[in-house]
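Structural features, examined
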Amino acid sequence: MEITVITTSPEPVYEQIVRQIQDRVAAGELKPGAPLPTVRQLAGDLQLNRNTVARAYKQLEDRGVILTAGRKGTFVRDNASREVERVKSNRAERSVRHLVAALIGDGLSRAEIETLFSDALRVKPKETTP
Amino acid sequence: MSEWIDLAVYVTVIVMVFVLLPRHGRQFTVPMLADRNPEWLERNRDVVARLERSRWVLNACYAWAAVSIAVLLGATLDLIASPFGAAEKWEVLQGLCGALVIVGMLGWGACALLWFVWLGKHVPPGETRRATLRPRVIGDYLTLPWRIAVEALTALHLAGWIVIGVLGLAAAPKVWWSFAFFVGMSVLFAVFAAMVLRRRSGYLDRVFGEAYRQAEVRGAYTLRLLPVIAGSIAMGELITGADLARLAHLLVAAYVCVMASLFLRLRPAAPVRATPGGAFASDRRSPA
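The sections below set out a description of the structure shown in this document. (Residues numbered from 1 in each chain as written. Chains lettered and ligands numbered in written order. Predicted model: local features only at pLDDT ≥ 70, side-chain atom pairs only at ≥ 80, totals over all residues. Heavy atoms only, no water.)

Side note on the sheet that holds strand E4 (residues 74-76) of chain A
Each strand in a sheet pairs with another by means of backbone hydrogen bonds, the pair being arranged parallel or else antiparallel. Residue and element names in this part refer to chain A. To be explicit about the condition: Strand pairing is assigned whenever DSSP identifies at least 2 bridges connecting the two strands. Here a helix means four or more residues in a row that DSSP labels H or I, a strand means two or more in a row labelled E, and each is numbered from the N terminus. Only heavy atoms enter the contact rule, under which two residues are in contact if any of them lie within 4.5 Å. Here an axis means a line fitted to C-alpha atoms, over the contact stretch when the element is a helix, while the angle between two N-to-C directions is reported on a 0 to 180 degree scale.
Pairing in this open sheet of three strands is antiparallel, and the strands run E2-E4-E3 from one edge to the other. Each edge of the open sheet carries a strand with a single partner, namely strand E2 (35-36) and strand E3 (66-68). In this structure, E3 lies alongside E4, joined through three bridges in antiparallel fashion. Opposite Ile66, over in E4, you have Val76 as the bridge partner. Against the sheet, helix H3 (residues 50-62) makes contact with E2, E3 and E4, and its axis sits at roughly 115 degrees relative to E3, the strand it touches most.

Listed below in structure tokens is the structure:
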């Protein structure tokens, strides 16, 4: 099971790590209790600064996805997939609220916003992917 | 007559270190470049071709091997005066081989340093990096019986010193000093073996895949047997009064040959591909 980071991507490297580990958890590839590499190992393999990986692990720990048990190592938490879903759902809700607020700010009516959302939802997911 | 056995062992070391290893290592120039930056490799085919043609490091290694073998042969045939005074011939051969290997390795190290400086200066790191999400554990590289055998032999060896000291089979101060020395050596090599597993991945790991660390871990665990062998020889010397230093030196030389042969068996993990970050991923595990 691999992780890939692109150092020139606009998405910060630590967020790429967080996202990919969350995706693996959500997909069931990383099961509860599965061990993760140490910060040192992952940073070494990705040729990154250890602080970058440590930051990603800290964020995953704060979100309840992983658990660092001292010298025993880092593991996927029991309820990690539920936490990932909750985080994703919160993020989606925030994004939608932000977007709706921006559209209202641009002077669009409720009906117009609803039409825009309905149209967007009719587009197949593949077509929205760049 | 028996000096010819020493000569054969030391010539094997020289051939391994300065002929076979450099020749084997040369084929990894392009994989190393591909690992660092595959796009650069594609854009600079002319530079890569020039690097592949260049043989000066290899020729320097061959020349040093020829000089070393000539010196050892000269010492065996008494054509060269001993630089170590009135030492026995096997001691002269051992001393000369050690000095020639150290000087050659320093030269080789300088060349390696130049290569890495050149890489850092001319080849920027690639944009895409890959890593495994599986933690590295010792069981992936070394089977349990191997580990148990090494730990048991180490414990048995150290216990042997305690038994000799307690039963008074040899002069007490020397036994306890030797015991302390071999405890220190055993701990040092155990720490080294643990560090090999945890150390940061480098070029060689990505070029050879997990097989490189596997060879390294096996080498480090074999190295843990060195205090056991040296301690057993020292124990034999203390109890019987025989001089076994010559045997110990020959065993060290044989160990170097074994380690070199482990490296010679390594092959690149994947053929060179010029896809971003796709040349050598670190997730290729070979079963232990």
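Continuing now.
Some words on the pairing of strand E1 (residues 2-6) of chain A
A regular strand carries its side chains on alternate faces of the sheet. Using the following cut-off: Any residue under 20% of the maximum accessible area for its type is buried, any over 50% is exposed, and the rest in between are partly exposed; the area is computed with a 1.4 Å probe on protein chains only.
Residues A:Ile3 and A:Val5 of E1(A) are buried on one face, while the alternating residues A:Glu2, A:Thr4 and A:Ile6, pointing to the opposite face, are not. As paired strands, E1(A) and strand E1 (residues 128-132) of chain B are joined by five bridges and run antiparallel to one another. Each residue of the ladder has a partner; that of A:Ile3, found in E1(B), is B:Ala131.

Overview of the packing of aromatic side chains
Here is the rule: When two rings of Phe, Tyr or Trp (its six-membered ring) have centres within 6.5 Å they constitute a pair, described as stacked for plane angles under 30 degrees, edge-to-face for angles over 60, and tilted for the intermediate range. Only Lys NZ and Arg CZ are tested; either one counts as a charge over a ring when it is within 6 Å of the ring centre and within 35 degrees of the ring normal.
Summed over all chains, the structure comprises seven aromatic pairs over all chains. With 5.7 Å between their ring centres and 10 degrees between their planes, B:Trp115 and B:Trp118 make a pair best called stacked. With B:Trp115 and B:Trp118 both in helix H6 (residues 89-122) and three residues apart, the pair spans about one turn of that helix. Summarising the aromatic geometry, the rings of B:Trp161 and B:Phe182 are spaced 5.6 Å apart at their centres and angled 20 degrees between planes, so their arrangement reads as stacked. Of this pair, B:Trp161 sits in helix H7 (residues 144-167) while B:Phe182 sits in helix H8 (residues 172-198), and the two are 21 residues apart along the sequence. Among the aromatic residues, those joined into a cluster by ring pairs are B:Phe28, B:Phe208 and B:Tyr212. Lying over the aromatic face of A:Tyr14, A:Arg55 brings its terminal NZ or CZ to 3.9 Å of the ring centre. Directly above the aromatic system of B:Tyr221 lies the positively charged group of B:Arg224, at a separation of 5.4 Å from the ring centroid.

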